[in-house]
Amino acid sequence: MDSTPSKESLRERAARAHLDKLWRRGAEFLGCRYAILGGAMTWVSDRHLVSAISNGGGFGIIASGSMSPNLLSAEIAATAAMTTRPFGVNLITLHPQLSQLIDVCLEQKVSHIVLAGGLPPGGAIQRVKNGGAKLVCFAPALVLAKKLVRSGADALIIEGIDAGGHIGPVATSVLAQEILPEVPDVPIFVAGGIGRGEAIVGYLEMGGSGVQLGTRFVCATESIAHPRFKQAFIRASARDAVPSVQLDPRFPVIPVRALANAATKRFQEAQRTVIEKFNRGEYDQKSAMLEIEHFWAGALRRAVIEGDVENGSLMAGQSVGMVSSGQPTATILGDLVGQAIRALAARSQTRAGAAAGVAD
């Protein structure tokens, strides 16, 4: 029996090797097989999903959200009990106990700390660096990307308006063109609207070291999100994930992308009520801003944990249209890698055909 590999399998083997080369920098930085980070989603990215992503060859990230230091310490320990592979922790820079949360991560030997939600204070950066963890920061613009690298960031995530949750004003594809060619100093991971392996290949070929996906993992079987929350994702199309509206320029609320429902409308009403109280002198601007932002904390829990998909927040990226069923995390990762390999193999076949045509 002929045991010679077919041309197809040889081509796919070459494509896999090429993919490994494309994201080697990112994979080596993270210490994992695939340079695919799991986006930190509050109430969703807990020990179960994070460990499943890391066990599947990606890099899981705990979403600390508003956790206290004690709660975060317990979550890190529980995650470490479920995987022997590296994972990270996402910390919100505006958290009043940020320094203590960093200390918890360092005490628990977390390898990578992601600072999100605004420019990290210098003290936080030094605390992470002095503690020996790798620091990852979000860069919403080229000038900030360069500033963060100068400040000590070991890697960057660039996330576009296509993403779910709190979003910036620029599309992922534009950010990639703006930042990737200009910031070669550190690994850069691209996020926002990514749902298939073909897109991963595209950003790697542009110079990205890897990618971050959140929405694609919400319906993983290991995700603790309520079944009704998952069903909302499965039924949704890309156009259903819309950004919130800012009512008053004096309150530059960071837009939130979520599936449109009753809560989306109530957020506008909540903004209006707070603004009226500010106008009457009942709130100063900082208190008003915090009140507006606090709307999302309870609304997100109602949807994710309690399954109230009408009155809770259904934060989702535009890639939600590519979520069609619940799958094990390992299967999702395998599908993404398989799509990337097939895309590279198809290009190789096209080039080979073109070369043969020229030779003829």
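So, here is what we can say about the structure in this document. (Residues numbered from 1 in each chain as written. Predicted model: local features only at pLDDT ≥ 70, side-chain atom pairs only at ≥ 80, totals over all residues. Heavy atoms only, no water.)

## Considering the nonpolar core
- Counting 105 residues, the largest nonpolar core has Ile-36, Leu-72, Leu-91, Ile-113 and Leu-156 as the members making the most contacts within it.
- If sequence neighbours within four positions are ignored, Leu-91 has contacts with Ser-64, Leu-72, Leu-98, Leu-101, Ile-102, Cys-105, Ile-113, Val-114, Leu-115 and Ala-116. (Core = buried A, V, L, I, M, F, W, Y, C linked by side-chain atoms within 4.5 Å. Buried < 20%, exposed > 50% of the residue type's maximum accessible area, 1.4 Å probe, protein only. Contact = heavy atoms within 4.5 Å.)

## Side note on the sheet that holds strand β10 (residues 241–243)
- Taken in spatial order, the three strands of this open sheet run β7-β11-β10, and their pairing is antiparallel. With one partner strand each, in any of the chains shown, β7 (165–166) and β10 form the two edges of the open sheet.
- Where β10 meets strand β11 (residues 256–259), three bridges bridge the pair, whose relative direction is antiparallel. When the bridges of β11 are listed, Val-242 appears paired with Ala-258. (Pairing = 2+ DSSP bridges. Helix = DSSP H or I, 4+ residues; strand = E, 2+ residues; numbered from the N terminus.)

## Notes on the sheet that holds strand β1 (residues 36–38)
- On the basis of which strands lie adjacent, the open sheet formed by eight strands has the order β1-β9-β8-β6-β5-β4-β3-β2 and parallel pairing. Looking along the sheet, the strands with just one partner apiece sit at the ends: β1 and β2 (61–63). Neighbour to neighbour, the strand axes of the sheet diverge by 25° on average, direction disregarded.
- By the bridge criterion, four bridges tie strand β6 (residues 155–159) to strand β8 (residues 188–191) in an arrangement that is parallel. Bridging from a neighbouring strand, Glu-159 pairs with Ala-191 of β8.
- The sheet strands contacting helix α5 (residues 98–107) are β3 (88–92) and β4 (112–116), and the helix crosses β3 at an angle near 175°. (Axes fitted to C-alpha atoms, helices over the stretch in contact; angles between N-to-C directions.)

## Considerations on unusual backbone geometry
- Non-glycine residue Trp-43 carries a positive phi angle of around 75°.
- Secondary-structure assignment places Trp-43 in the loop between β1 and α3 (47–55).
- By relative accessible area, Trp-43 is classed as partly exposed at 35%.
- Even without being glycine, Lys-109 reaches a positive phi, approximately 60°.
- Along the chain, Lys-109 falls in the loop between α5 and β4.
- Judged by its relative accessible area of 70%, Lys-109 is exposed.

## So, the packing of aromatic side chains
- Taken as a whole and assessed by the stated rule, the structure comprises three aromatic pairs.
- Ring centres of Phe-29 and Phe-189 lie 6.3 Å apart, and the angle between their planes is 40°; this geometry places the pair in the tilted category. Taken together, the positions of Phe-29 in helix α2 (residues 24–30) and Phe-189 in strand β8 put the pair 160 residues apart, joining distant regions of the chain.
- With a relative accessible area of 10%, Phe-29 lands in the buried category.
- Here the aromatic rings of Phe-229 and Phe-233 are separated by 4.9 Å at their centres, their planes lie at 35°, and the arrangement is tilted. Here Phe-229 and its partner Phe-233 are both found in helix α10 (residues 227–235), four residues apart, which amounts to about one turn of the helix. Both residues of the pair, Phe-229 and Phe-233, belong to the buried class.
- Positioned over the ring face of Trp-43 is Arg-301, at 5.2 Å from the centre of the ring. (Phe/Tyr/Trp six-rings, centres within 6.5 Å; stacked < 30°, edge-to-face > 60°. Lys NZ or Arg CZ within 6 Å of the ring centre and 35° of its normal.)

## Digging into the packing of α3 against helix α4 (residues 69–80)
- Following both chains from N to C, one finds α3 and α4 inclined at 40°, their axes separated by 9 Å at the closest point. Considering their axes alone, α3 and α4 lie oblique with respect to each other. Between α3 and α4 lies a crossing of right-handed hand. Across the interface between the two elements, Arg-47, Val-50 and Ser-51 of α3 pack against Glu-75, Ala-78 and Thr-79 of α4. (Parallel < 35°, antiparallel > 145°, perpendicular 65-115°, else oblique. Left-handed = near helix turned anticlockwise from the far one by under 90°.)

## Some points on the side chain of His-95
- Here His-95 lies in the loop between β3 and α5.
- By relative accessible area, which is 12% here, His-95 ends up buried.
- A polar contact is formed between the side chain of His-95 and the backbone oxygen of Met-67, at a distance of 2.9 Å.
- Sequence-distant contacts of His-95, that is, excluding residues within four places in its chain, are made with Gly-65, Ser-66, Met-67 and Leu-101. (Polar contact = N/O pair within 3.5 Å; in protein donor to acceptor, adjacent residues only side chain to side chain.)

## Examining the packing of α5 against helix α6 (residues 122–130)
- Two elements in contact, α5 and α6, have axes whose closest approach is 10 Å; the angle formed by their N-to-C orientations is 10°. Taken together, α5 and α6 sit at an angle that is classed as roughly parallel. Two secondary-structure elements touch here, α5 through Leu-98, Ser-99, Ile-102, Asp-103 and Leu-106 and α6 through Ala-124, Arg-127 and Val-128.
- Of the residues belonging to the contact of α5 with α6, the class tally is five nonpolar, one polar and two charged. (Nonpolar A, V, L, I, M, F, W, Y, C, P; charged D, E, K, R; others polar.)

## Things to note about the state of the cysteines
- This model, assessed by the stated rule, comprises zero disulfides.
- Not engaged in a disulfide, the cysteine Cys-137 finds its nearest cysteine sulfur in Cys-105; these two sulfurs lie 13 Å apart.
- A relative accessible area of 1% places Cys-137 in the buried class. (Disulfide = S-S within 2.5 Å.)

## Describing the pairing of β4
- Burial analysis of β4 places five of its five residues in the buried class, which makes it a mostly covered element.
- Side chains His-112, Val-114 and Ala-116 project from β4 onto one buried face, and the interleaved Ile-113 and Leu-115 project onto a second face that is buried too.
- In this sheet, β4 lies alongside β3 in parallel orientation, the contact comprising five bridges. Bridge pairing in β4 places Gly-88 opposite His-112.
- Crossover β3 to β4 through α5 is right-handed.
- Across four bridges, β4 lies against strand β5 (residues 134–138) in parallel orientation. In the strand pairing of β5, Leu-115 is matched with Cys-137.
- Where the polypeptide runs from β4 across α6 and back to β5, its parallel neighbour, the crossover connection is right-handed. (Right-handed = clockwise from strand over helix to strand, strands pointing away.)

Coordinates in, geometry out; function isn't part of it.
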